[in-house]
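Observations on the model geometry
These are the residues of each chain, in order.
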Amino acid sequence: MAFVVKDRVKETTTTTGTGTVTLAGAASGFQAFSAIGDGNTTHYAIVSGTNWEVGLGTYTSSGTTLSRDTVLESSNSGSKITLAGTSDVFCTYPAEKSVNTNDIGTAA
């Protein structure tokens, strides 16, 4: 499918472990991952306690899940973190994938 980026996408999950995340619905003031579209990929971040992970995942509407396909960075030395309790899952724009310019308008 397609790579999709959307603003203000945030949900919670009570999924535990390192597998696919089952999403529990949009946080107040945010839209759900369904805005990404079934079968599409997006950049995500997960915060579980003091642990965090940033990566590329695929949203599936059946079961409302987000797979954790590629971890770009994490508090676990670049590997998937182990989720516990309630965690926040949201769309983000990873620093290593960003395009920046310096103050005179040329590529940094």
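What counts, and where the lines are drawn
- Residues numbered from 1 in each chain as written.
- Predicted model: local features only at pLDDT ≥ 70, side-chain atom pairs only at ≥ 80, totals over all residues.
- Heavy atoms only, no water.
- Helix = DSSP H or I, 4+ residues; strand = E, 2+ residues; numbered from the N terminus.
- Rg over C-alpha atoms; globule rule 2.2 N^0.38 Å.
- Buried < 20%, exposed > 50% of the residue type's maximum accessible area, 1.4 Å probe, protein only.
- Contact = heavy atoms within 4.5 Å.
- Areas by Shrake-Rupley, 256 points an atom, 1.4 Å probe, with all protein chains shown as cover.
- Lys, Arg positive; Asp, Glu negative; His and termini not counted.
- Charge placed at Lys NZ, Arg CZ, Asp CG, Glu CD.
- Core = buried A, V, L, I, M, F, W, Y, C linked by side-chain atoms within 4.5 Å.
- Polar contact = N/O pair within 3.5 Å; in protein donor to acceptor, adjacent residues only side chain to side chain.
- Salt bridge = Lys/Arg side-chain N within 4 Å of Asp/Glu carboxyl O.
- Phe/Tyr/Trp six-rings, centres within 6.5 Å; stacked < 30°, edge-to-face > 60°.
- Lys NZ or Arg CZ within 6 Å of the ring centre and 35° of its normal.

1. A closer look at the overall build of the chain
What the chain contains, in helices and strands, is 0 helices and 7 strands. Each helix and strand of the chain, ordered N terminal to C terminal, gives the series β-β-β-β-β-β-β. Radius of gyration (C-alpha) of the chain: 14 Å, near the 13 Å computed for a compact globule of 108 residues. Overall size of the chain, expressed as C-alpha extent along the three principal axes, is 45 × 30 × 25 Å. For the chain, the residues scored as buried account for 33% of the 108 residues in total. Of the contacts formed within the chain by residues at least 6 apart in sequence, a portion of 53% connects residues at least 24 apart. Total accessible area on the chain is roughly 5,800 Å²; 50% of this is exposed by carbon and sulfur atoms. Considering the chain, the positive charge centre built from 6 side chains and the negative charge centre built from 9 side chains are found 3 Å apart.

2. Description of the nonpolar core
Membership of the largest hydrophobic core comes to 14 residues, with the highest contact counts inside it found for L23, F33, I46, L66 and V89. Looking at this core, the elements that each hand over two or more residues are β3 (41-48) and β7 (87-91). The contact partners of I46, leaving out residues within four places of it in the chain, are V21, N51, W52, E53, R68, I81, L83, S87, D88 and V89.

3. Remarks on the environment of T13
Among the structural elements, T13 can be located in strand β1 (residues 10-13). For T13 and G37, which are 24 residues apart along the polypeptide, the C-alpha to C-alpha distance reads 18 Å. If sequence neighbours within four positions are ignored, T13 has contacts with V21, T22, L83, G85, T86, S87 and V89. A distance of 2.8 Å separates the side chain of T13 from the side chain of T15, its partner in a polar contact.

4. Brief notes about the pattern of salt bridges
Within the structure shown, the criterion is met by 1 salt bridge. Where R68 meets E53, a salt bridge forms, and the shortest distance between an N and an O atom there is 2.5 Å. Here R68, found in the loop between β5 (65-66) and β6 (70-74), pairs with E53, found in strand β4 (residues 51-60); they are 15 residues apart in sequence, far enough to count as distant. As far as the burial class goes, R68 and E53 line up, both buried.

5. Things to note about the packing of aromatic side chains
The full count for this structure, using the stated rule, is 0 aromatic pairs. Its end group placed over the ring of F30, R8 keeps NZ or CZ at 4.0 Å from the ring centre.

6. Notes on the side chain of S87
For S87, the location among the structural elements is in strand β7. A polar side-chain atom of S87 sits 2.9 Å from a polar atom in the side chain of S48. Apart from residues no more than four positions distant in its own chain, S87 is found in contact with E11, T12, T13, I46, V47 and S48.

7. Observations regarding the side chain of S67
Inspection of the secondary structure puts S67 in the loop between β5 and β6. For S67, a relative accessible area of 15% corresponds to the buried category.

8. Focus: the environment of D88
Mapping D88 onto the fold places it in strand β7. D88 sits 12 residues away from N100 along the chain, and the two C-alpha atoms are 27 Å apart. Not counting residues up to four positions away in its chain, the partners in contact with D88 are K10, E11, T12, A45, I46 and V47.

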